[in-house]
Amino acid sequence: MEKGFGEKKYMVELSEREVEDLRNSVKATSLKLMDEYIERMKKTWPNRPKIMEYFDEVAKFFGTREKEILKAKEEGRKVIGYTCMFAPIELILAADAIPVRVSSGIYDTTKLGNRIVPVEVCPVVRSTIGVGMIGFSPHLEVSDALITPLTCDGMAKLSEILSDRKPVWTVCPPRLKDSEQSMRFWREELQSVKAKIEKLTGTKITAKKLKTAIETMHRATRAFRRLQELRRGAPVIMGRDAMLVNQTSAWDDIERWTKKTEELCSELEKRRQEKILACAPDTPRIMIAGSPALWPDNWKLPNLIEEANPQGVIVADEFCSGDRFLFDPVGVDEWTMDDMFNAVAERYLLPSTCPCFTSEDGNVDRVNWLKARIEERRVDGVVYHVFRGCMLYAMEYTRIKKALDKINVPVYYLDTDYTREDVGQIKTRVEAFLEMLKSRVEF
Amino acid sequence: MWLEILSEILKLTVFAGLALAGALAILIWKRDLKTKVSYLRFFVQAAAMAALFLLFSYTNELLYVLIVIILLTLFLGRLFCGWLCPLGLYLDLMAVFRKALKIRYWNLPDKLNKLLNKLRYLLLAFFVALPFVLEKIEPWQWSLAKFLMGPFKPVSVLLGPVEPLIIPWESRLKFYGLNLSYPYASVIAFYSGESFALANMFLFIALTLASSFVVRRFWCRFCPTGVSFAVLNRFRGFRWIPLLRLNKVEEKCPKCGICKRVCPVQVLDVYERKGGDIAPSMCMLCLRCVEMCPYEECLKLNMAGRTLFKSRNWLEPSKIE
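Computed from a prediction, not measured in an experiment: that's the story for all the values here. (Residues numbered from 1 in each chain as written. Chains lettered and ligands numbered in written order. Predicted model: local features only at pLDDT ≥ 70, side-chain atom pairs only at ≥ 80, totals over all residues.)

Student: Explanation requested: the interface of chain A and chain B in the structure shown.
Tutor: Frequently, the measure chosen for interface size is the accessible area that the parts lose on association. Tallying the contact residues gives 24 residues for chain A and 20 residues for chain B. Among the secondary structure elements, those contributing two or more residues to the side of chain A that touches chain B are helix H10 (207-230), helix H14 (337-349) and helix H15 (364-376) of chain A. Within the side of chain A that touches chain B, the residues separate by chemical class into five nonpolar, seven polar and twelve charged. (Contact = placed C-beta atoms within 7 Å. Helix = DSSP H or I, 4+ residues; strand = E, 2+ residues; numbered from the N terminus. Nonpolar A, V, L, I, M, F, W, Y, C, P; charged D, E, K, R; others polar.)

Student: Looking at this model, I keep getting lost on H14(A). Mind explaining?
Tutor: Count 3.6 residues to each turn of an α-helix, and residues three or four apart come out pointing the same way. Taking 1.5 Å per residue as the helical rise, H14(A) with its 13 residues ought to reach 18 Å, and the 18 Å between its terminal C-alpha atoms agrees with that figure. When you tally the buried positions in H14(A), you get eleven out of 13 residues, the bulk of the element. Looking at H14(A), one finds that the buried residues are A:Asp339, A:Met340, A:Phe341, A:Asn342, A:Ala343, A:Val344, A:Ala345, A:Glu346, A:Arg347, A:Tyr348 and A:Leu349. Buried residues along H14(A) sit in contact with helix H4 (89-94), helix H9 (180-201) and H10 of chain A together with helix H11 (258-262) of chain B. (Expected span 1.5 Å × (residues − 1). Buried ≥ 20, exposed ≤ 12 C-beta atoms within 10 Å, placed from the backbone.)

Student: Quick question: what am I supposed to make of the sheet that holds strand E4 (residues 168-171) of chain A here?
Tutor: The strands that make up a sheet are held in pairs by hydrogen bonds between backbone atoms, and each pair lies either parallel or antiparallel. All names here are of chain A. Here four strands make up an open sheet; going across it, the order is E2-E1-E3-E4 and the pairing parallel. Every interior strand has two partners, whereas the edge strands, strand E2 (98-101) and E4, have only one. Pairwise comparison of adjacent strand axes, ignoring direction, gives a mean angle of 25 degrees for this sheet. Note that strand E3 (residues 145-149) and E4 share four bridges and pair parallel. In the strand pairing of E4, Ile147 is matched with Trp169. (Pairing = 2+ DSSP bridges. Axes fitted to C-alpha atoms, helices over the stretch in contact; angles between N-to-C directions.)

Student: Quick question: what am I supposed to make of the pairing of strand E5 (residues 299-303) of chain B here?
Tutor: One face of the sheet, then the other: side chains in a regular strand alternate in exactly this way. Residues and elements named next belong to chain B. As defined by bridge partners, strand E3 (residues 244-248) adjoins E5 across five bridges and the pair is classed as antiparallel. Of the residues in E5, the one forming a bridge with Arg245 is Asn302. Where E5 meets strand E6 (residues 306-310), four bridges bridge the pair, whose relative direction is antiparallel. Across the sheet, the residue bridging to Leu301 is Phe309, located in E6.

Student: Please clarify how the pairing of E3(B) should be interpreted in this entry.
Tutor: Sheet topology note: the E3(B)/strand E4 (residues 276-278) of chain B ladder contains three bridges and is antiparallel. For B:Lys248, the partnering residue across the bridge sits in E4(B) and is B:Gly276.

Student: Help me understand the packing of helix H6 (residues 123-134) of chain A against helix H8 (residues 153-162) of chain A in this model?
Tutor: The angle between the axes and the distance between the axes are what describe a pair of packed helices. All names here are of chain A. The contact between H6 and H8 brings their axes to 10 Å, and the two run at 5 degrees. The orientation of H6 relative to H8 falls into the category roughly parallel. Contact with H6, carried on its side by Val125, Thr128, Ile129 and Gly132, involves Gly154, Met155, Leu158, Ile161 and Leu162 of H8 and no other residues of that element. Class assignment of the residues belonging to the contact of H6 with H8 gives a composition of six nonpolar, three polar and no charged. (Parallel < 35°, antiparallel > 145°, perpendicular 65-115°, else oblique.)

Student: Teacher, can you tell me more about the sheet that holds E3(B) here?
Tutor: Residues and elements named next belong to chain B. Ordered in space as E4-E3-E5-E6, the four strands form an open sheet in which the pairing is antiparallel. Of all the strands in the sheet, just E4 and E6 have a single pairing partner and so form its edges. Neighbour-to-neighbour, the strand axes of this sheet turn through a mean angle of 40 degrees, independent of strand direction.

Student: Explain the domain arrangement of chain B to me, please; I cannot follow it from the model alone.
Tutor: Residues and elements named next belong to chain B. For chain B, the assigned domains read domain 1 (2-226) and domain 2 (243-310). On the domain 2 side, the residues contacting the 22 residues of domain 1 number 17 residues. Of all elements in the fold, only helix H2 (37-58), helix H3 (62-76), helix H4 (79-83) and helix H6 (110-136) reach the threshold of two or more residues within the side of domain 1 that touches domain 2. The class makeup of the residues in the side of domain 1 that touches domain 2 is seven nonpolar, eight polar and seven charged. (Domains from an automatic or database assignment.)

Student: I keep staring at the nonpolar core and nothing clicks. Help me out?
Tutor: Membership of the largest hydrophobic core comes to 199 residues, with the highest contact counts inside it found for A:Met287, B:Cys259, B:Cys289 and B:Cys293. Not counting chain neighbours up to four residues away, the residues in contact with B:Cys293 comprise B:Ile258, B:Cys259, B:Cys298, B:Leu299 and B:Ser311. Ranked by size, the runner-up nonpolar core spans five residues in total, among them B:Tyr184, B:Ala185, B:Ile188 and B:Met201. (Core = buried A, V, L, I, M, F, W, Y, C linked by C-beta atoms within 7 Å.)

Student: Explain unusual backbone geometry to me, please; I cannot follow it from the model alone.
Tutor: The bulk of non-glycine residues show a negative phi, and the bulk of peptide bonds are trans. All names here are of chain A. With omega at 0 degrees, the peptide bond leading from Trp295 into Pro296 counts as cis. With respect to the helices and strands, the residue Pro296 is situated in the loop between strand E5 (285-290) and helix H13 (300-307). Residues Asn309 and Pro310 are joined by a peptide bond in cis, for which omega reads 5 degrees. In this fold, Pro310 is placed in the loop between H13 and strand E6 (313-317). Even without being glycine, Asn408 reaches a positive phi, approximately 60 degrees.

In structure tokens form, the structure reads like this:
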């Protein structure tokens, strides 16, 4: 733990021994769990391509990727963490820093978070706080600074709480995105973050560097979209594996990730031609919408769906850690600094379908996004995944349900928490839903 | 003697260049590089200029040319402005020049832009009505009226931007026997005093080029020739008229704002409209928005129900790559 980082405004004072003990116990369970989940993924998809092992390796916390980041840090590169996908990755890359996503999906640390915030708060926030308390998350620990977008209430306070541990740079997305003044404000926000990134890294973000960064991300988006497109037809990849690939992009070296993903896609395309499927072609095709399922612990729901009897396959997800993460490219008109910067700012604000936005037409962008995915991936049913305490996703459920009822797509509302206790109960419910979809498919 | 030969050679080279450009345009189209519409557009514009020169050397009845253009805009929208107009080519070249210098353009305030767009109808009405008004007041008795009567024929004013770089008739700007011209140059020359004609012409050329250097396609925002009858489709009964329409699929559009930012004449409709057919009168169908839209089949260019060109995931490696 860093010492002397100002006065602790929120954080509970823990003795070093206690921290050590907690960290060891959480680490032991997490490492075991990650191995177990990877094993289970291998089991569900018997002919899993060999290339997936690369992503397994990256996904394992405290593994090779963390060592790599630490080595890069020793060489003088900075690591900039972010809690939410509103953080401009292009700007971080342009300053030659390493972007890592720090929001945590570890169950055990939520209990620690409960000491600071009430249990009603979103578990992602509580877990991230807990991780911060004991310095557990490999990504939070290595970051030199955090970009914390103030999207929902949880994220806003999380930013404050994490400022006890790390320098925190807030960016505030406006609640309304479709107006000139919002855009102006958002541009200013990103300008100030840009200045902070430049100060920390000591690298000036020049037009040339930003262009290189944008092009790097274009290539990543291209690979990302290629993978999502492969989830369209008969399933050649299991949903969990695709989700894992999507999530590793948040902390892997993006260029290597792109290369590996392209390799995976080529492999899958070959399989598509040879008709080697990952599961039976009539498996109900599920979309998960709502609160993000974060690796590692929160693989609960995906695990349940893909291991259930009857089995389902996740062909799409609406997570900011999944399908939405790299989906939108930065569309640059002219490669001048201003236009590139505007393009980056617009890319993070406008196409986002985060429920933190509101509009007079009832966040219609999100409904459209869901409908488009449902149509192109031929989704049979939607599981609306909400964390207890995730107000925005929970409140938008009625709206989404109404819209999806109109196009005759069954939606199933599933609220859960960062806990392993409700697995049995959810299993029954998910299986009933899948049973229903299965009969619809056969019908 | 040798001057004439030189001018013939110059003409021939210009033509060879234009023919090459046309061939390239066809090649690009054939090789399925349809995403590079912006490049294709330059070739088409250059080829159109050559075609206009040919057209003018055969006919002196400019009125017919004008009628054809107006009929075209009635059915195809301002396709002429985006793809064929020589003045548009010069302005686009200024934008290329600006891009090379890495200078950012200015955006006009949206209100002003809309106002300028409406101004074009006023200008059109003025130029069309003027001769009729002047006829009534017997111009041979009134020197000012006579003065105005001259080139202020709707034909010459409205065909102003259509003048190609080289014209087949006598002009004030001569270069080795070639009659060079610039849109509206002859009109300006007529009104200027003999000694100022050239100076005024150059001033006008400099002004239009400089303004479009700063603001993309500045002239096109109020050019009376670019009047589009797309306004008509606001009224019931006229909705079938535009053959070329931009179509937007609402569900595929997450409103990322790229179409709004890349539009050279700052059309807002493509971004703001929910979906369906979009045929705003300001749009000159340059298809930059369709080209830049990263969402597959979100924006389409339809001609009488058939899709000619649609947005695609431009991050996908093209087949040739």
